Amino acid sequence: AAEAFRLAAERYDDTNDLARLYYEQAWSWREAGRTNDALGAFRTLAEKFPADALAADANFHLGEADYARATAPDTPADRQRAALDAAMQEVFDLA
């Protein structure tokens, strides 16, 4: 789906819905686990369409990613604990 949004954005550069295309592309990539690609689409949206209502949401996700990087575990034990916490959350989410 993200690839389809990318192609649409390239082909229909003059549409009023281009901000929406970048937004949907970002979410498709995020859901596919392609975080860096998602952040790139959010960043493009925020830079090209700063006045669009979706830019605020894009900036939120960019800030959230910056915060996550700033507070990422620093030691191997911290990373192991974070991985275990994430795995346990997945188990609870499946239940």
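Up top is the structure.
The sections below set out a description of the structure shown in this document. Please read these numbers as outputs of a predicted model, since none were measured by experiment.

### Overview of the nonpolar core
Thinking step 1. Tyr23, Phe42, Leu45, Ala58 and Leu62 are the most contacted members of the largest nonpolar core, which has 18 residues in total.
Thinking step 2. The set of elements that each furnish at least two residues to this core consists of helix 2 (18-31), helix 3 (35-48) and helix 4 (53-70).
Thinking step 3. The element contributing the most residues to this core is helix 2, with 7 residues.
Thinking step 4. The residues touching leucine 45, leaving out its near neighbours within four places in the chain, are Ala19, Tyr22, Tyr23, Pro50, Leu54, Ala55 and Ala58.

### Describing the packing of helix 3 against helix 4
Thinking step 1. As a packed pair, helix 3 and helix 4 sit with axes 8 Å apart at the nearest point and diverge in direction by 135°. As the angle between them shows, helix 3 and helix 4 are arranged oblique. As for the relative orientation of helix 3 and helix 4, their crossing is left-handed in sense. Note on element contacts: helix 4 touches helix 3 through Leu54, Ala55, Ala58, Asn59, His61, Leu62, Ala65 and Arg69, opposite Leu39, Phe42, Arg43, Leu45 and Ala46.
Thinking step 2. Within the contact of helix 3 with helix 4, the residues separate by chemical class into 9 nonpolar, 2 polar and 2 charged.

### Observations regarding the packing of aromatic side chains
Thinking step 1. In the structure shown here, the tally under the stated rule is 4 aromatic pairs.
Thinking step 2. Both rings, one in tyrosine 22 and one in phenylalanine 49, keep their centres 6.3 Å apart while their planes meet at 45°; by these two values the pair is tilted. Highlighted residues: tyrosine 22 in helix 2 and phenylalanine 49 in the loop between helix 3 and helix 4, separated in sequence by 27 residues.
Thinking step 3. Residue classification places phenylalanine 49 among the partly exposed positions, given a relative accessible area of 22%.
Thinking step 4. Measuring from ring centre to ring centre gives 6.2 Å for tryptophan 27 and phenylalanine 42, while their planes differ by 90°; the resulting arrangement is edge-to-face. Placement of the pair is tryptophan 27 in helix 2 and phenylalanine 42 in helix 3, with a sequence separation of 15 residues.
Thinking step 5. Residue class for tryptophan 27 comes out partly exposed when judged on its relative accessible area of 25%.
Thinking step 6. Among the aromatic residues, ring-to-ring pairing joins Tyr23, Trp27 and Phe42 into one connected group.

Reading guide: rules and limits
- Residues numbered from 1 in each chain as written.
- Predicted model: local features only at pLDDT ≥ 70, side-chain atom pairs only at ≥ 80, totals over all residues.
- Heavy atoms only, no water.
- Core = buried A, V, L, I, M, F, W, Y, C linked by side-chain atoms within 4.5 Å.
- Buried < 20%, exposed > 50% of the residue type's maximum accessible area, 1.4 Å probe, protein only.
- Helix = DSSP H or I, 4+ residues; strand = E, 2+ residues; numbered from the N terminus.
- Contact = heavy atoms within 4.5 Å.
- Axes fitted to C-alpha atoms, helices over the stretch in contact; angles between N-to-C directions.
- Parallel < 35°, antiparallel > 145°, perpendicular 65-115°, else oblique.
- Left-handed = near helix turned anticlockwise from the far one by under 90°.
- Nonpolar A, V, L, I, M, F, W, Y, C, P; charged D, E, K, R; others polar.
- Phe/Tyr/Trp six-rings, centres within 6.5 Å; stacked < 30°, edge-to-face > 60°.

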